[in-house]
Amino acid sequence: MSAMYAALLRGINVGGHRKVPMPELRELLGKLGYADVATHLQSGNAVFRSSSGDEEALRAEVEHAIESHFGFPVDCLVRSASYLAGVVDACPFPAAELEGKQLHVTYFDRPVDSARFASIDAESFRPEEFRLGDKALYLYAPDGLGRSKLAVALGRPAVTRGLLATSRNWNTVVRLVEMTRD
């Protein structure tokens, strides 16, 4: 039985570097045998159907194909439709009351615990807030990510060392759920 997945590519098409055109990415994923391939925006969001059932195997296959085709490595996370929907359902912030640019999700390659973020004095960043979820971090940044001082603190190497992480704004988070819905 096949299922829908999203591939979340990290750090592509930023400032003219590490260009991965979405039509080429769709074609590449199709050549891997995935069905129902589609992309969202230019920032590395692709959805596809596979019968694999193994997110890590899919991730490795996608990363290898991208490096072979484009000539540079690209980290990615592959997440199932059910996981993506669960992230939306578990949102600790009132997403329906916020603009998409005010709420972000950072997806991690593995579970993280609060001890990793103990050095961050969350109160000093108010009204910005963050909460941990299932291999995810929710960030409320009322003035947007580009002005968020908390986002900078959360992204420091001392905090993220050893993690693969990639962030999406809430509009994209919701859109990926819609695109992977059967």
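All figures in this text were calculated on a predicted structure; none of them were measured in a lab.

Engineer: Looking at this structure, how should I read the environment of L77?
Structural biologist: Locating L77 in the fold gives a position in strand β4 (residues 76–80). Sequence spacing of L77 and R10 is 67 residues, and the spatial spacing of their C-alpha atoms is 8.2 Å. Apart from residues lying up to four places away in sequence, L77 is in contact with A6, A7, L8, Y107, F108, D109, L164 and T166.

Engineer: Would you explain the pattern of salt bridges in this entry?
Structural biologist: Two side chains carrying opposite charge are able to pair once their charged atoms lie near each other. Scanning all chains against the criterion turns up 11 salt bridges. When the shortest N-O distance is used, the salt bridge between E63 and R59 registers 2.6 Å. In this pair, E63 and R59 are both assigned in helix α2 (residues 55–70), 4 residues apart and thus about one turn of the helix distant. The salt bridge involving R175 is made with E178; its shortest N-O contact spans 3.3 Å. Here E178 and R175 lie together in helix α6 (residues 170–180), a separation of 3 residues that amounts to about one turn. Residue classification places E178 among the partly exposed residues on the basis of a relative accessible area of 39%. In this structure, a network of salt bridges that share partners links the residues E123, R126, E129 and R131.

Engineer: Teacher, can you tell me more about the environment of L176 here?
Structural biologist: Structurally, the position occupied by L176 is in helix α6. Accessibility expressed as a relative area gives 0% for L176, which makes it buried. For the pair L176 and R156, spaced 20 residues apart in sequence, the C-alpha to C-alpha distance is 27 Å. If we skip the residues at most four places from it in the chain, L176 touches L8, N45, V47 and L84.

Engineer: Before we go on, may I ask you to explain the sheet that holds strand β8 (residues 165–169) in this structure?
Structural biologist: Working definition: the strands of a sheet are paired by backbone hydrogen bonds and lie parallel or antiparallel to each other. Spatially, the 4 strands line up as an open sheet ordered β6-β7-β5-β8, and their pairing is antiparallel. Among the strands making up the open sheet, the edge pair consists of β6 (129–133) and β8. Shown here is a sheet whose adjacent strand axes are inclined to one another by a mean of 20 degrees, direction ignored. For β6 and strand β7 (residues 136–140), the ladder comprises 5 bridges, and the chain directions are antiparallel. In the strand pairing of β7, L132 is matched with L137. Here helix α3 (residues 81–89) sits on the sheet in contact with β5 (103–108) and β7, set at roughly 140 degrees to β5. Against the sheet, α6 engages β5, β7 and β8, with an angle of about 95 degrees to β8.

Engineer: Even after reading the chapter, I still don't get the packing of helix α1 (residues 22–31) against α2, so can you show me in this structure?
Structural biologist: Two quantities define a packed helix pair, namely the angle between the axes and the distance from one axis to the other. Contact geometry of α1 with α2 gives a least axis separation of 11 Å together with a crossing angle of 125 degrees. Classified by the angle between their axes, α1 and α2 sit oblique to one another. α1 and α2 meet at a crossing whose hand is right-handed. Together, E24, L25, L28 and L29 of α1 and V62, A65, I66, H69 and F70 of α2 make up the contact between the two elements. In terms of residue class, the contact of α1 with α2 is built from 7 nonpolar, 1 polar and 1 charged.

Engineer: Mind showing me how you'd approach the sheet that holds strand β3 (residues 45–50) here?
Structural biologist: With antiparallel pairing, 4 strands are arranged side by side in an open sheet as β2-β3-β1-β4. Each edge of the open sheet is held by one strand with a lone partner, namely β2 (35–40) and β4. Between one strand and the next, the sheet's axes are offset by a mean angle of 20 degrees, whatever the strand orientation. Bridge count for β2 against β3 is 4 bridges, and the pairing is antiparallel. Residue pairing for β3: H40 is matched across the bridge by N45. Lying over the sheet, α1 contacts β1 (3–9), β2 and β3, oriented at roughly 160 degrees with respect to β2.

About the thresholds
Residues numbered from 1 in each chain as written. Predicted model: local features only at pLDDT ≥ 70, side-chain atom pairs only at ≥ 80, totals over all residues. Heavy atoms only, no water. Helix = DSSP H or I, 4+ residues; strand = E, 2+ residues; numbered from the N terminus. Contact = heavy atoms within 4.5 Å. Salt bridge = Lys/Arg side-chain N within 4 Å of Asp/Glu carboxyl O. Buried < 20%, exposed > 50% of the residue type's maximum accessible area, 1.4 Å probe, protein only. Pairing = 2+ DSSP bridges. Axes fitted to C-alpha atoms, helices over the stretch in contact; angles between N-to-C directions. Parallel < 35°, antiparallel > 145°, perpendicular 65-115°, else oblique. Left-handed = near helix turned anticlockwise from the far one by under 90°. Nonpolar A, V, L, I, M, F, W, Y, C, P; charged D, E, K, R; others polar.

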